[in-house]
Amino acid sequence: MVLPTDLRSHSLSNRLQLPLSPSLNLNAKPTHQKPMFNTPSEKPFLNTPTGSLKQSSSLHPNSYELDSYPEHIDSWPSRSLNSKNYSQQFGQDIDDPGLEFRKKLEYLELFEVDTPRAIRENPLILSTSLHNIEKVVGFLQQWGMLHKDFGRIFGMCPQILTCNVDKNLVPILDFLLFEVKILRKDIRKCINRCPRILESSVTDQLRPTLQYLKKLGLQEERFADCSNTVLLVSSIENTLAPKLEYLQSLGFDHKDAVSMVVRTPGIFTFSIANNLKPKFDYLVNEMGGGLQDLLEFPQYFTFSLEKRIKPRHRLLVKHKLWLPLPAMLKKTEPDFFYTFRRQLTG
């Protein structure tokens, strides 16, 4: 939801449904107000922080780090709309809390953040400084994040906007580089796939979960491509362990259950009640399958029951045909129907 450009014509207290301090006069009109951009199409240039790059001996061979990292953050040159720029542009002291609040809203709108929702989920946005938010944005830009990424990231995880770069974000990036072994060039892909990783504790969440998954048998290369990093934000007690217990309740022994999730880690991401159980019931009751089918092809659980499993199975049953699970489910639509027609006519 994009806020209107003229914030003064709307009651922010009503739209945000949050109590505003009486001192925040949102109707205050800035003196000597100038257009934010020279032309309607002009966008502010959000500059990646610059510095003297040096090859790092501790990072991967193709990685680089900035001198004085991370202490240099406060001195990063930036052409983004920051507190100082706002103060100069609008001819008012940024200490005016009403102006500061409006500028934060306008800044977040540059990334198409649903600001009312973000503030409802993280009221600390009201009190954090614009400088701190820009510092977070600048830090993530240094690691490859693009302007178009921030709307989704901050929309899903508004807590990131008020975090401390040095205390919260730096340890997470160190963890991804040195412990998960993700290459620096893949950090953007990793964060885009799972923004929640930026609001997770390394000591309380990320490291214990990584150790648990490694103990099960997931190798480092299974995380390096970023496809399974979403598992790192999952609770061991509430998410990961219960999936193993469910597989064992179906009749698999512990070794086979572990083998299945190691081969298909995506099983960990599905709901037991809404996903795994309905698919197992359909396999047994409608398809006549059993445990051996799942042991040989655990990827069965990763396909949509309504959009792929049922339609293809019912089509085969209607024409009294049969295909093994991998051939029935893994093929694309054109390949599946090509195989289907060949069996039908052959």
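As a convention, each chain's residues are numbered from 1 in the sequence order in which they are written. Residues qualify for local features only when their pLDDT is at least 70, as the model is predicted, and side-chain atom pairs are given and counted only at 80 or more; totals for whole chains, interfaces and linings, by contrast, use all residues. Derived side-chain values reflect all non-hydrogen atoms in the structure, with water molecules and hydrogen atoms excluded from consideration.

1. As for the pattern of salt bridges
Criterion for a salt bridge: a side-chain nitrogen of Lys or Arg within 4 Å of a carboxyl oxygen of Asp or Glu. Applying the stated rule across the entire model yields eight salt bridges. As a salt-bridge pair, Asp149 and Arg188 come within 2.7 Å of each other at their nearest N and O atoms. Here Asp149 is found in helix H6 (residues 147–156), whereas its partner Arg188 is found in helix H8 (residues 187–193), with 39 residues between them in sequence. Relative accessibility thresholds used throughout: buried, under 20% of the residue-type maximum; exposed, over 50%; partly exposed, between the two (1.4 Å probe, protein chains only). Arg188 sits in the partly exposed class, given a relative accessible area of 27%. For Asp281, the salt bridge is made with Lys277, and the minimal N-O distance between the two is 2.9 Å. Of the two residues, Asp281 and Lys277 are both situated in helix H13 (residues 272–285); the distance of four residues between them amounts to about one turn of the helix. Here a strand is any run of E in DSSP of at least two residues, a helix any run of H or I of at least four, and the numbering for each starts at the N terminus.

2. Some words on the side chain of His313
Positionally, His313 belongs in helix H15 (residues 305–318). The buried category is assigned to His313, whose relative accessible area is 11%. Contacts are assigned to residue pairs with any non-hydrogen atoms lying within 4.5 Å of each other. When near neighbours in sequence (up to four residues on either side) are disregarded, His313 contacts Tyr282, Glu286, Met287 and Met328.

3. Some details on the nonpolar core
The set of buried Ala, Val, Leu, Ile, Met, Phe, Trp, Tyr and Cys residues whose side-chain atoms join them within 4.5 Å is what this entry labels a nonpolar core. One finds Phe154 and Tyr300 to be the most contacted residues of the largest nonpolar core, which totals 87 residues. Broken down by element, the residue count for this core peaks at eight residues, all from helix H7 (residues 165–178). Aside from chain neighbours lying at most four places away, what touches Phe154 is Val113, Val136, Val137, Leu140, Ile160 and Leu161.

4. Things to note about the side chain of Asn192
Relative to the helices and strands, Asn192 resides in helix H8. Among the polar contacts listed, one links the side chain of Asn192 to the side chain of Asp149, at a separation of 3.4 Å. Setting aside residues no more than four positions away along its own chain, Asn192 makes contact with Met145, Asp149, Arg152 and Ile153. Polar contact criterion, stated in full: a pair of N or O atoms within 3.5 Å, where within protein one must be able to donate a hydrogen and the other to accept it, and residues adjacent in sequence count only if both atoms are side-chain atoms.

5. Description of the packing of aromatic side chains
For Phe, Tyr and Trp, where Trp contributes only its six-membered ring, two rings pair if their centres lie within 6.5 Å, and the inter-plane angle classes them as stacked under 30 degrees, edge-to-face over 60, or tilted in between. This structure, assessed with the given rule, holds nine aromatic pairs. When the centroid spacing of 5.3 Å and the interplanar angle of 85° are considered together, the rings of Tyr107 and Phe111 count as edge-to-face. Pair check on accessibility: Tyr107 and Phe111 agree, each one buried. Feature note: the residues Tyr107, Phe111, Phe150 and Phe154 constitute an aromatic cluster, connected by ring pairs. In this structure, Arg184 is placed above the aromatic ring of Trp143, and the distance from its NZ or CZ to the ring centre is 4.0 Å. By the criterion adopted, a ring carries a charge over it if an Arg CZ or a Lys NZ lies within 6 Å of its centre and within 35 degrees of its normal. Just above the ring of Phe336 sits the side chain of Arg312; from NZ or CZ to the centre is 4.5 Å.

6. Here's the deal with unusual backbone geometry
At Lys181, a position not held by glycine, the phi torsion is positive, near 70°. Counting through the fold element by element, Lys181 comes out in the loop between H7 and H8. At Lys320, a residue that is not glycine, the phi angle is positive and equals roughly 55°. Checked against the element boundaries, Lys320 lands in the loop between H15 and helix H16 (325–329). What makes Lys320 exposed here is its relative accessible area of 78%.

7. Overview of the environment of Asp225
Looking at the element boundaries, Asp225 is found in the loop between helix H10 (221–224) and helix H11 (236–250). Overall, the relative accessible area of 39% leaves Asp225 in the partly exposed class. Sequence separation between Asp225 and Ile187 is 38 residues; the distance between their C-alpha atoms is 10.0 Å. Here Asp225 is in contact with Lys189 and Arg193, once residues within four sequence places are set aside.

8. Brief notes about the packing of H11 against helix H12 (residues 254–263)
Only C-alpha atoms enter the line fits that serve as axes; for helices the fit covers just the stretch in contact. Angles between N-to-C directions range over 0 to 180 degrees. Packing of H11 against H12 leaves a shortest axis separation of 9 Å and a crossing angle of 125°. One element, H11, and the other, H12, form an angle in the oblique class. Crossing of H11 over H12 shows right-handed handedness. From H11, Leu244, Leu247 and Gln248 reach across to H12, where they touch His254, Ala257, Val258, Met260 and Val261. These descriptions rest on fixed angle ranges, namely under 35 degrees for roughly parallel, over 145 for roughly antiparallel, 65 to 115 for roughly perpendicular, and the rest for oblique. Two helices that cross are described as forming a left-handed crossing if the nearer one is turned anticlockwise from the farther one by less than a right angle, and a right-handed crossing if clockwise.

9. A closer look at the confidence of the model for the protein
Residue-level confidence of the predictor is what pLDDT reports, using numbers from 0 through 100. Averaged over the protein, the pLDDT score is 79; the fraction of residues at 70 or greater is 72%. Within the model, pLDDT remains below 50 along residues 1–94, and this stretch shows 170 contacts once partners closer than five positions in the same chain are excluded.

10. Observations regarding the state of the cysteines
Note on terminology: disulfide denotes any pair of cysteine sulfur atoms within 2.5 Å. This model, assessed by the stated rule, comprises zero disulfides. Distance from the sulfur of Cys226, which forms no disulfide, to the nearest cysteine sulfur (Cys190) is 4.7 Å. Taking relative accessible area as the criterion, Cys226 reaches 1% and is therefore assigned buried.

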